[in-house]
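Structure at a glance
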Amino acid sequence: MKNVVLLGSTGSIGTSTIKVADDLPDRIRLIGLAAGNNLELLMEQYRRHQPMALSISDPEKATLAQGMVGATTAVYSGNEGLLKLATMPEADIVLIAIVGTAGLQPALAAIRAGKDIAVASKEILVMAGEIVMNEARKYGVRVLAVDSEHSAIFQCLDDKPGQSVRNLWLTASGGPFRKTPKEEFEAITVERALKHPSWVMGRKITIDSATLFNKGLEMIEARWLFDVEMDRVKVVVHPQSVIHSMVEFVDGSIIAQISTPDMCLPIQYALMYPERVKSERVQTNLAQIGSLTFEEPDVERFPSINLARRAGEVGGTLPAVLNAANEVAVDAFVNRKISFLQITELVRHTMDRHEVVTHPTLEQILEADTWAREEAMAWKRP
Ligand SMILES: NC(=O)C1=CN([C@@H]2O[C@H](COP(=O)(O)OP(=O)(O)OC[C@H]3O[C@@H](n4cnc5c(N)ncnc54)[C@H](OP(=O)(O)O)[C@@H]3O)[C@@H](O)[C@H]2O)C=CC1
Ligand SMILES: CC(=O)[C@@H](O)[C@H](O)COP(=O)(O)O
Ligand SMILES: [Mn+2]
(Lines give C-alpha, C1' and ligand atoms only; values in the text may rest on other atoms or scores of the structure.)
(Ligands and ions follow the chains in the order given, each with its own letter.)
Protein backbone atom coordinates (compact mmCIF):
# COMPACT_ATOMS: atom_id res chain seq x y z
CA MET A 1 0.00 0.00 0.00
CA LYS A 2 1.35 3.44 -0.92
CA ASN A 3 0.38 6.44 1.18
CA VAL A 4 -0.13 9.32 -1.24
CA VAL A 5 -0.46 13.04 -0.58
CA LEU A 6 -2.17 14.83 -3.46
CA LEU A 7 -1.68 18.59 -3.83
CA GLY A 8 -4.20 20.02 -6.30
CA SER A 9 -6.82 17.28 -5.81
CA THR A 10 -9.67 19.31 -7.31
CA GLY A 11 -8.05 20.01 -10.70
CA SER A 12 -7.81 18.01 -13.90
CA ILE A 13 -4.75 15.98 -12.79
CA GLY A 14 -6.13 15.83 -9.25
CA THR A 15 -9.44 14.28 -10.32
CA SER A 16 -7.65 11.80 -12.63
CA THR A 17 -5.50 10.82 -9.65
CA ILE A 18 -8.66 10.22 -7.61
CA LYS A 19 -9.85 7.88 -10.41
CA VAL A 20 -6.55 5.98 -10.23
CA ALA A 21 -6.95 5.67 -6.44
CA ASP A 22 -10.53 4.43 -7.00
CA ASP A 23 -9.19 1.83 -9.45
CA LEU A 24 -6.53 0.58 -7.01
CA PRO A 25 -8.02 0.64 -3.50
CA ASP A 26 -5.62 -2.08 -2.30
CA ARG A 27 -2.55 -0.23 -3.58
CA ILE A 28 -3.16 3.48 -3.02
CA ARG A 29 -4.29 5.25 0.12
CA LEU A 30 -4.88 8.99 -0.21
CA ILE A 31 -3.75 10.34 3.16
CA GLY A 32 -3.67 14.08 2.36
CA LEU A 33 -5.67 16.18 -0.11
CA ALA A 34 -5.06 19.86 -0.87
CA ALA A 35 -7.29 22.15 -2.92
CA GLY A 36 -7.20 25.79 -3.94
CA ASN A 37 -10.78 27.08 -3.72
CA ASN A 38 -13.14 24.23 -4.46
CA LEU A 39 -14.38 23.28 -1.00
CA GLU A 40 -17.38 21.36 -2.29
CA LEU A 41 -15.32 18.96 -4.39
CA LEU A 42 -12.68 18.63 -1.68
CA MET A 43 -15.38 17.55 0.79
CA GLU A 44 -16.78 15.04 -1.70
CA GLN A 45 -13.27 13.59 -2.08
CA TYR A 46 -12.88 13.58 1.70
CA ARG A 47 -16.11 11.58 2.19
CA ARG A 48 -15.01 8.93 -0.30
CA HIS A 49 -11.34 8.59 0.66
CA GLN A 50 -11.24 9.60 4.34
CA PRO A 51 -7.73 11.16 4.23
CA MET A 52 -5.93 11.98 7.48
CA ALA A 53 -5.47 15.65 6.52
CA LEU A 54 -6.91 18.31 4.24
CA SER A 55 -5.75 21.72 3.12
CA ILE A 56 -7.49 24.54 1.31
CA SER A 57 -6.07 27.96 0.38
CA ASP A 58 -8.62 30.16 2.19
CA PRO A 59 -8.45 29.98 6.03
CA GLU A 60 -12.20 30.68 6.30
CA LYS A 61 -12.93 27.69 4.08
CA ALA A 62 -10.54 25.63 6.20
CA THR A 63 -12.57 26.55 9.31
CA LEU A 64 -15.76 25.51 7.52
CA ALA A 65 -14.14 22.23 6.45
CA GLN A 66 -12.92 21.54 9.99
CA GLY A 67 -16.51 21.89 11.21
CA MET A 68 -17.62 19.32 8.63
CA VAL A 69 -14.91 16.69 9.22
CA GLY A 70 -14.58 16.81 13.00
CA ALA A 71 -11.48 16.90 15.19
CA THR A 72 -9.95 13.59 14.06
CA THR A 73 -8.98 15.03 10.64
CA ALA A 74 -6.45 17.85 10.50
CA VAL A 75 -7.46 20.77 8.25
CA TYR A 76 -4.87 23.34 7.21
CA SER A 77 -4.87 26.38 4.96
CA GLY A 78 -2.61 28.46 2.71
CA ASN A 79 1.01 27.73 1.88
CA GLU A 80 1.57 26.46 5.39
CA GLY A 81 -1.11 23.84 4.79
CA LEU A 82 0.65 22.66 1.63
CA LEU A 83 3.92 22.33 3.57
CA LYS A 84 2.19 20.38 6.35
CA LEU A 85 0.70 17.92 3.89
CA ALA A 86 3.91 17.59 1.86
CA THR A 87 5.83 16.54 4.98
CA MET A 88 3.27 14.22 6.61
CA PRO A 89 5.32 11.51 8.37
CA GLU A 90 3.01 8.78 6.98
CA ALA A 91 3.46 9.87 3.31
CA ASP A 92 5.42 7.68 0.87
CA ILE A 93 4.96 9.95 -2.13
CA VAL A 94 3.67 13.48 -2.77
CA LEU A 95 1.99 14.21 -6.10
CA ILE A 96 2.23 17.88 -7.03
CA ALA A 97 -0.61 18.89 -9.35
CA ILE A 98 -1.06 22.55 -8.47
CA VAL A 99 -1.15 24.80 -11.51
CA GLY A 100 1.76 27.27 -11.58
CA THR A 101 4.58 27.57 -9.08
CA ALA A 102 2.80 27.35 -5.68
CA GLY A 103 3.96 23.73 -5.52
CA LEU A 104 7.68 24.58 -5.52
CA GLN A 105 8.21 25.05 -1.77
CA PRO A 106 6.05 22.01 -0.89
CA ALA A 107 8.03 19.94 -3.40
CA LEU A 108 11.32 20.95 -1.79
CA ALA A 109 9.88 20.35 1.70
CA ALA A 110 8.72 16.87 0.67
CA ILE A 111 12.16 16.02 -0.75
CA ARG A 112 13.89 17.24 2.42
CA ALA A 113 11.49 15.11 4.46
CA GLY A 114 12.67 12.08 2.45
CA LYS A 115 9.56 11.65 0.28
CA ASP A 116 9.50 10.68 -3.38
CA ILE A 117 7.69 13.29 -5.43
CA ALA A 118 5.56 12.84 -8.54
CA VAL A 119 5.51 16.07 -10.53
CA ALA A 120 2.71 17.19 -12.81
CA SER A 121 3.40 20.88 -12.15
CA LYS A 122 6.00 21.37 -14.87
CA GLU A 123 6.33 25.05 -13.95
CA ILE A 124 8.29 24.17 -10.81
CA LEU A 125 10.90 22.28 -12.84
CA VAL A 126 11.14 25.08 -15.39
CA MET A 127 11.63 27.59 -12.62
CA ALA A 128 13.99 25.65 -10.36
CA GLY A 129 14.76 22.30 -12.01
CA GLU A 130 18.44 22.33 -11.11
CA ILE A 131 17.71 22.94 -7.43
CA VAL A 132 14.87 20.38 -7.26
CA MET A 133 16.97 17.65 -8.93
CA ASN A 134 20.07 18.43 -6.81
CA GLU A 135 18.00 18.28 -3.63
CA ALA A 136 16.44 14.99 -4.72
CA ARG A 137 19.92 13.53 -5.32
CA LYS A 138 21.12 14.85 -1.98
CA TYR A 139 18.18 13.32 -0.07
CA GLY A 140 18.11 10.11 -2.13
CA VAL A 141 14.51 10.44 -3.30
CA ARG A 142 12.89 10.04 -6.71
CA VAL A 143 11.41 12.76 -8.89
CA LEU A 144 8.84 10.89 -10.98
CA ALA A 145 7.36 12.46 -14.10
CA VAL A 146 3.59 12.72 -14.41
CA ASP A 147 3.53 14.91 -17.54
CA SER A 148 2.56 12.48 -20.32
CA GLU A 149 5.60 13.18 -22.52
CA HIS A 150 8.07 12.83 -19.67
CA SER A 151 6.39 9.71 -18.37
CA ALA A 152 6.71 8.32 -21.90
CA ILE A 153 10.42 9.17 -22.04
CA PHE A 154 10.95 7.68 -18.59
CA GLN A 155 9.25 4.47 -19.72
CA CYS A 156 11.28 4.35 -22.97
CA LEU A 157 14.60 5.01 -21.21
CA ASP A 158 14.01 2.04 -18.94
CA ASP A 159 17.06 2.96 -16.81
CA LYS A 160 19.46 3.12 -19.77
CA PRO A 161 22.43 5.39 -18.95
CA GLY A 162 22.57 8.94 -20.34
CA GLN A 163 25.36 8.10 -22.79
CA SER A 164 23.02 5.66 -24.63
CA VAL A 165 20.77 8.55 -25.66
CA ARG A 166 21.18 10.54 -28.88
CA ASN A 167 18.02 12.66 -28.58
CA LEU A 168 14.78 12.91 -26.62
CA TRP A 169 11.78 13.49 -28.89
CA LEU A 170 8.83 15.30 -27.34
CA THR A 171 5.64 14.94 -29.33
CA ALA A 172 3.33 17.97 -29.61
CA SER A 173 -0.30 17.81 -30.69
CA GLY A 174 0.18 21.17 -32.43
CA GLY A 175 -2.79 22.57 -30.51
CA PRO A 176 -6.02 23.97 -31.96
CA PHE A 177 -4.19 26.35 -34.33
CA ARG A 178 -1.87 23.84 -35.98
CA LYS A 179 -3.32 24.70 -39.38
CA THR A 180 -4.43 28.30 -38.74
CA PRO A 181 -2.70 30.86 -41.00
CA LYS A 182 -0.63 33.49 -39.17
CA GLU A 183 -2.87 36.32 -40.48
CA GLU A 184 -5.76 34.88 -38.44
CA PHE A 185 -3.85 34.68 -35.15
CA GLU A 186 -4.72 38.26 -34.11
CA ALA A 187 -8.42 37.33 -34.02
CA ILE A 188 -8.06 34.13 -31.95
CA THR A 189 -10.55 34.10 -29.10
CA VAL A 190 -10.23 32.61 -25.63
CA GLU A 191 -13.02 30.14 -26.45
CA ARG A 192 -11.19 28.82 -29.52
CA ALA A 193 -7.88 28.60 -27.65
CA LEU A 194 -9.56 26.54 -24.92
CA LYS A 195 -10.58 23.82 -27.41
CA HIS A 196 -7.69 21.38 -27.29
CA PRO A 197 -7.85 18.78 -30.09
CA SER A 198 -6.94 15.74 -27.98
CA TRP A 199 -6.79 16.45 -24.23
CA VAL A 200 -9.22 17.81 -21.64
CA MET A 201 -7.08 19.77 -19.15
CA GLY A 202 -7.06 22.83 -16.91
CA ARG A 203 -7.31 26.29 -18.49
CA LYS A 204 -3.70 27.38 -18.11
CA ILE A 205 -2.11 24.33 -19.72
CA THR A 206 -4.76 24.37 -22.47
CA ILE A 207 -3.79 27.92 -23.44
CA ASP A 208 -0.12 26.89 -23.22
CA SER A 209 -0.84 24.08 -25.67
CA ALA A 210 -2.44 26.57 -28.05
CA THR A 211 0.63 28.86 -28.05
CA LEU A 212 2.99 25.84 -27.91
CA PHE A 213 4.53 27.31 -24.75
CA ASN A 214 3.46 24.01 -23.17
CA LYS A 215 6.00 22.27 -25.39
CA GLY A 216 8.57 24.95 -24.61
CA LEU A 217 8.08 24.43 -20.88
CA GLU A 218 8.26 20.67 -21.43
CA MET A 219 11.61 20.99 -23.25
CA ILE A 220 13.11 22.64 -20.16
CA GLU A 221 11.31 20.13 -17.90
CA ALA A 222 12.90 17.27 -19.89
CA ARG A 223 16.32 18.88 -19.73
CA TRP A 224 16.26 18.71 -15.92
CA LEU A 225 14.34 15.47 -15.38
CA PHE A 226 16.64 13.49 -17.67
CA ASP A 227 19.81 15.55 -17.30
CA VAL A 228 20.39 16.19 -21.03
CA GLU A 229 21.51 19.37 -22.79
CA MET A 230 18.80 21.46 -24.46
CA ASP A 231 20.06 20.71 -27.97
CA ARG A 232 19.28 17.03 -27.46
CA VAL A 233 15.65 17.79 -26.60
CA LYS A 234 13.71 17.84 -29.89
CA VAL A 235 10.08 18.45 -30.75
CA VAL A 236 7.96 16.82 -33.43
CA VAL A 237 4.29 17.55 -34.07
CA HIS A 238 2.12 14.44 -33.85
CA PRO A 239 -1.55 15.49 -34.04
CA GLN A 240 -3.05 12.16 -32.89
CA SER A 241 -1.44 12.38 -29.41
CA VAL A 242 -1.03 8.61 -29.35
CA ILE A 243 2.76 8.51 -29.27
CA HIS A 244 3.44 10.43 -26.08
CA SER A 245 7.16 10.84 -26.72
CA MET A 246 10.22 8.92 -27.88
CA VAL A 247 13.85 8.26 -27.12
CA GLU A 248 16.37 8.05 -29.96
CA PHE A 249 19.32 5.94 -28.84
CA VAL A 250 22.93 6.25 -30.03
CA ASP A 251 22.57 3.20 -32.30
CA GLY A 252 19.74 4.92 -34.21
CA SER A 253 16.90 2.95 -32.63
CA ILE A 254 13.85 5.00 -31.60
CA ILE A 255 11.62 3.69 -28.82
CA ALA A 256 8.16 5.22 -28.41
CA GLN A 257 5.44 4.94 -25.76
CA ILE A 258 1.98 4.53 -27.26
CA SER A 259 -1.47 4.73 -25.66
CA THR A 260 -4.73 6.60 -26.15
CA PRO A 261 -4.60 9.99 -24.42
CA ASP A 262 -5.59 9.51 -20.77
CA MET A 263 -3.62 10.99 -17.88
CA CYS A 264 -4.63 8.11 -15.59
CA LEU A 265 -1.88 6.01 -17.18
CA PRO A 266 1.12 8.26 -16.43
CA ILE A 267 -0.31 9.10 -13.00
CA GLN A 268 -0.66 5.41 -12.12
CA TYR A 269 2.81 4.67 -13.51
CA ALA A 270 4.39 7.37 -11.31
CA LEU A 271 2.50 6.34 -8.17
CA MET A 272 3.16 2.62 -8.59
CA TYR A 273 6.74 2.89 -9.89
CA PRO A 274 8.73 0.64 -10.24
CA GLU A 275 5.80 -1.76 -10.60
CA ARG A 276 3.45 -1.97 -13.58
CA VAL A 277 0.02 -2.61 -12.12
CA LYS A 278 -2.94 -4.04 -14.03
CA SER A 279 -5.63 -1.57 -15.10
CA GLU A 280 -8.39 -1.87 -17.71
CA ARG A 281 -8.81 1.89 -18.03
CA VAL A 282 -6.58 2.50 -21.05
CA GLN A 283 -7.23 0.42 -24.18
CA THR A 284 -5.47 1.31 -27.43
CA ASN A 285 -6.79 0.03 -30.76
CA LEU A 286 -4.15 0.94 -33.35
CA ALA A 287 -6.18 -0.34 -36.30
CA GLN A 288 -9.01 1.96 -35.27
CA ILE A 289 -6.59 4.90 -34.91
CA GLY A 290 -5.42 4.08 -38.44
CA SER A 291 -2.52 6.42 -39.00
CA LEU A 292 0.09 8.21 -36.97
CA THR A 293 1.53 11.32 -38.62
CA PHE A 294 4.41 13.67 -37.90
CA GLU A 295 5.32 17.25 -38.86
CA GLU A 296 8.02 19.81 -38.11
CA PRO A 297 6.84 22.43 -35.61
CA ASP A 298 6.29 25.79 -37.33
CA VAL A 299 8.51 28.07 -35.27
CA GLU A 300 7.51 31.14 -37.29
CA ARG A 301 3.87 30.85 -36.27
CA PHE A 302 4.81 29.51 -32.84
CA PRO A 303 7.94 31.42 -31.69
CA SER A 304 7.39 30.10 -28.15
CA ILE A 305 9.48 27.04 -29.05
CA ASN A 306 12.58 29.14 -29.79
CA LEU A 307 12.00 31.42 -26.80
CA ALA A 308 11.94 28.36 -24.55
CA ARG A 309 15.00 26.88 -26.24
CA ARG A 310 16.85 30.15 -25.66
CA ALA A 311 15.73 30.23 -21.99
CA GLY A 312 16.82 26.62 -21.49
CA GLU A 313 20.18 27.16 -23.20
CA VAL A 314 21.01 30.39 -21.35
CA GLY A 315 19.72 28.87 -18.11
CA GLY A 316 20.18 30.65 -14.78
CA THR A 317 17.16 32.76 -13.93
CA LEU A 318 15.91 33.05 -17.54
CA PRO A 319 13.58 29.98 -17.50
CA ALA A 320 11.93 31.31 -14.32
CA VAL A 321 11.41 34.64 -16.09
CA LEU A 322 9.91 32.95 -19.16
CA ASN A 323 7.60 30.93 -16.95
CA ALA A 324 6.46 33.86 -14.80
CA ALA A 325 5.88 36.15 -17.80
CA ASN A 326 3.92 33.39 -19.50
CA GLU A 327 1.70 32.91 -16.43
CA VAL A 328 0.94 36.65 -16.38
CA ALA A 329 0.31 36.67 -20.14
CA VAL A 330 -2.03 33.67 -20.07
CA ASP A 331 -3.99 35.23 -17.23
CA ALA A 332 -4.23 38.52 -19.17
CA PHE A 333 -5.36 36.68 -22.29
CA VAL A 334 -8.10 34.66 -20.57
CA ASN A 335 -9.27 37.91 -18.95
CA ARG A 336 -9.35 39.47 -22.42
CA LYS A 337 -6.76 42.15 -21.63
CA ILE A 338 -4.30 41.08 -24.35
CA SER A 339 -4.61 39.23 -27.64
CA PHE A 340 -3.40 35.70 -28.38
CA LEU A 341 -0.37 37.02 -30.31
CA GLN A 342 0.56 39.31 -27.44
CA ILE A 343 1.16 36.32 -25.13
CA THR A 344 4.40 35.58 -26.97
CA GLU A 345 5.26 39.28 -27.38
CA LEU A 346 4.90 39.81 -23.64
CA VAL A 347 7.12 36.84 -22.79
CA ARG A 348 9.78 37.95 -25.28
CA HIS A 349 9.71 41.53 -23.98
CA THR A 350 10.17 40.36 -20.37
CA MET A 351 12.97 37.94 -21.27
CA ASP A 352 14.79 40.65 -23.27
CA ARG A 353 14.81 43.01 -20.30
CA HIS A 354 16.06 40.48 -17.78
CA GLU A 355 19.62 40.48 -16.45
CA VAL A 356 20.32 36.79 -16.07
CA VAL A 357 21.85 35.44 -12.86
CA THR A 358 23.80 32.23 -13.54
CA HIS A 359 23.61 29.30 -11.10
CA PRO A 360 21.06 31.17 -9.00
CA THR A 361 20.10 30.34 -5.44
CA LEU A 362 16.45 29.64 -4.70
CA GLU A 363 16.16 33.18 -3.35
CA GLN A 364 17.52 34.65 -6.61
CA ILE A 365 15.06 32.52 -8.59
CA LEU A 366 12.17 33.75 -6.47
CA GLU A 367 13.38 37.34 -6.94
CA ALA A 368 13.56 36.84 -10.72
CA ASP A 369 10.04 35.37 -10.66
CA THR A 370 8.69 38.40 -8.77
CA TRP A 371 10.60 40.81 -11.03
CA ALA A 372 9.23 39.12 -14.17
CA ARG A 373 5.65 39.20 -12.93
CA GLU A 374 5.93 42.92 -12.17
CA GLU A 375 7.65 43.65 -15.46
CA ALA A 376 5.06 41.65 -17.40
CA MET A 377 2.15 43.27 -15.61
CA ALA A 378 3.52 46.73 -16.42
CA TRP A 379 3.88 45.83 -20.12
CA LYS A 380 1.97 47.84 -22.66
CA ARG A 381 1.81 47.04 -26.31
CA PRO A 382 4.33 49.29 -28.14
N1 LIG B 1 -4.33 18.53 -17.01
C2 LIG B 1 -3.44 17.74 -17.58
O3 LIG B 1 -3.79 16.78 -18.29
C4 LIG B 1 -1.98 17.98 -17.37
C5 LIG B 1 -1.52 18.92 -16.47
N6 LIG B 1 -0.18 19.08 -16.25
C7 LIG B 1 0.27 20.07 -15.27
O8 LIG B 1 -0.33 19.79 -14.01
C9 LIG B 1 -0.59 20.99 -13.31
C10 LIG B 1 -2.07 21.04 -12.98
O11 LIG B 1 -2.77 21.14 -14.17
P12 LIG B 1 -4.36 20.94 -14.25
O13 LIG B 1 -4.75 19.83 -13.34
O14 LIG B 1 -4.69 20.87 -15.67
O15 LIG B 1 -4.85 22.33 -13.65
P16 LIG B 1 -6.28 22.71 -13.06
O17 LIG B 1 -6.44 24.15 -13.25
O18 LIG B 1 -7.33 21.78 -13.57
O19 LIG B 1 -6.12 22.39 -11.50
C20 LIG B 1 -5.25 23.13 -10.69
C21 LIG B 1 -5.31 22.60 -9.28
O22 LIG B 1 -4.46 23.42 -8.47
C23 LIG B 1 -5.21 23.87 -7.34
N24 LIG B 1 -4.60 25.10 -6.88
C25 LIG B 1 -4.41 26.25 -7.56
N26 LIG B 1 -3.75 27.14 -6.81
C27 LIG B 1 -3.53 26.53 -5.61
C28 LIG B 1 -2.90 26.93 -4.40
N29 LIG B 1 -2.35 28.13 -4.27
N30 LIG B 1 -2.87 26.04 -3.38
C31 LIG B 1 -3.41 24.82 -3.51
N32 LIG B 1 -4.00 24.38 -4.63
C33 LIG B 1 -4.06 25.24 -5.65
C34 LIG B 1 -6.63 24.01 -7.86
O35 LIG B 1 -7.57 24.07 -6.81
P36 LIG B 1 -9.10 24.58 -7.01
O37 LIG B 1 -9.60 24.02 -8.28
O38 LIG B 1 -9.76 23.98 -5.79
O39 LIG B 1 -9.07 26.07 -6.97
C40 LIG B 1 -6.71 22.69 -8.65
O41 LIG B 1 -6.87 21.61 -7.77
C42 LIG B 1 -0.13 22.13 -14.23
O43 LIG B 1 1.16 22.49 -13.86
C44 LIG B 1 -0.11 21.51 -15.61
O45 LIG B 1 0.83 22.09 -16.47
C46 LIG B 1 0.75 18.32 -16.89
C47 LIG B 1 0.36 17.39 -17.80
C48 LIG B 1 -1.02 17.15 -18.12
C1 LIG C 1 -1.43 15.59 -21.27
C2 LIG C 1 -0.19 16.36 -21.34
O3 LIG C 1 0.84 15.92 -20.93
C4 LIG C 1 -0.22 17.69 -21.94
O5 LIG C 1 0.99 18.38 -21.71
C6 LIG C 1 -0.49 17.50 -23.40
O7 LIG C 1 0.55 16.76 -23.93
C8 LIG C 1 -0.66 18.79 -24.11
O9 LIG C 1 -0.51 18.57 -25.45
P10 LIG C 1 0.25 19.53 -26.45
O11 LIG C 1 0.97 20.59 -25.67
O12 LIG C 1 1.16 18.64 -27.18
O13 LIG C 1 -0.86 20.10 -27.26
MN1 LIG D 1 2.51 17.18 -21.44
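Residue numbers here run from 1 along each chain, matching the order of that chain's written sequence. Whichever chain is written first is A, and whichever ligand is written first is 1; the rest continue in order. Given that this is a predicted model, residues contribute local features only at a pLDDT of at least 70 and side-chain atom pairs are listed and counted only at 80 or more, while totals for whole chains, interfaces and linings are drawn from all residues.

Some remarks on the UniProt feature "domain: 1-deoxy-D-xylulose 5-phosphate reductoisomerase N-terminal" (unreviewed entry) in the chain
Rules: UniProt positions are given in the numbering used here, feature names are shortened, and annotations may be inferred rather than shown by experiment. Helix and strand assignments come from DSSP, with helices taken as H or I runs of at least 4 residues and strands as E runs of at least 2, each series counted from the N terminus.
UniProt records the feature "domain: 1-deoxy-D-xylulose 5-phosphate reductoisomerase N-terminal" (unreviewed entry) for residues 4–129 in the present numbering. Secondary structure across residues 4–129 divides into 48% helix and 22% strand, with the first and last C-alpha atoms of the span separated by 23 Å.

Things to note about unusual backbone geometry
Put simply, the rule reads: Exposure is read from a count of other C-beta atoms within 10 Å of each residue's own; the residue is exposed at 12 or fewer, buried at 20 or more and partly exposed in between. C-beta atoms are placed from the backbone.
A cis geometry characterises the amide bond from tyrosine 273 onward to proline 274, with omega recorded as 10 degrees. With respect to the helices and strands, proline 274 occurs in the loop between α11 (264–272) and α12 (286–289). Unusually for a residue other than glycine, aspartate 158 sits at a positive phi of about 45 degrees. One can find aspartate 158 in the loop between α7 (148–157) and β8 (165–172). Judged by the 8 C-beta atoms lying within 10 Å of it, aspartate 158 falls in the exposed class.

Concerning the packing of helix α9 (residues 203–211) against helix α14 (residues 318–334)
Two measures define how a pair of helices packs: the angle their axes make with one another and the distance between the axes. Put simply, the rule reads: Note on definitions: angles span 0 to 180 degrees between N-to-C directions of axes, and those axes are lines fitted to C-alpha atoms, for helices only across the stretch in contact. Relative orientations are named as follows: roughly parallel for angles under 35 degrees, roughly antiparallel for angles over 145 degrees, roughly perpendicular for angles from 65 to 115 degrees, and oblique for any other angle. The contact rule is simple: place each C-beta atom from the backbone, and if two of them lie within 7 Å, those residues are in contact. Throughout this entry, Asp, Glu, Lys and Arg are counted as charged residues, while Ala, Val, Leu, Ile, Met, Phe, Trp, Tyr, Cys and Pro are counted as nonpolar. The remaining residues, Gly among them, count as polar.
Where α9 contacts α14, the two axes come as close as 10 Å, and the packing angle between them is 100 degrees. Judged on the interaxial angle alone, α14 and α9 are roughly perpendicular. Contact residues: Arg203, Lys204, Ile207 and Asp208 in α9; Val330, Phe333 and Val334 in α14. Of the residues belonging to the contact of α9 with α14, the class tally is four nonpolar, no polar and three charged.

Describing the sheet that holds strand β4 (residues 74–77)
Keep this limit in mind: Strands pair, by our definition, only if DSSP identifies at least two bridges between them.
Spatially, the seven strands line up as an open sheet ordered β4-β3-β2-β1-β5-β6-β7, and their pairing is parallel. With partners counted over all chains shown, the strands left at the sheet margins are β4 and β7 (143–145), one partner each. Ignoring which end each strand starts from, the neighbouring axes of this sheet average 20 degrees apart. Sheet topology note: the strand β5 (residues 93–96)/strand β6 (residues 116–119) ladder contains four bridges and is parallel. If you follow isoleucine 96 over to β6, its bridge partner there is valine 119. Contacting β1 (2–7), β5 and β6, helix α5 (residues 104–112) crosses the sheet at an angle of about 150 degrees to β6.

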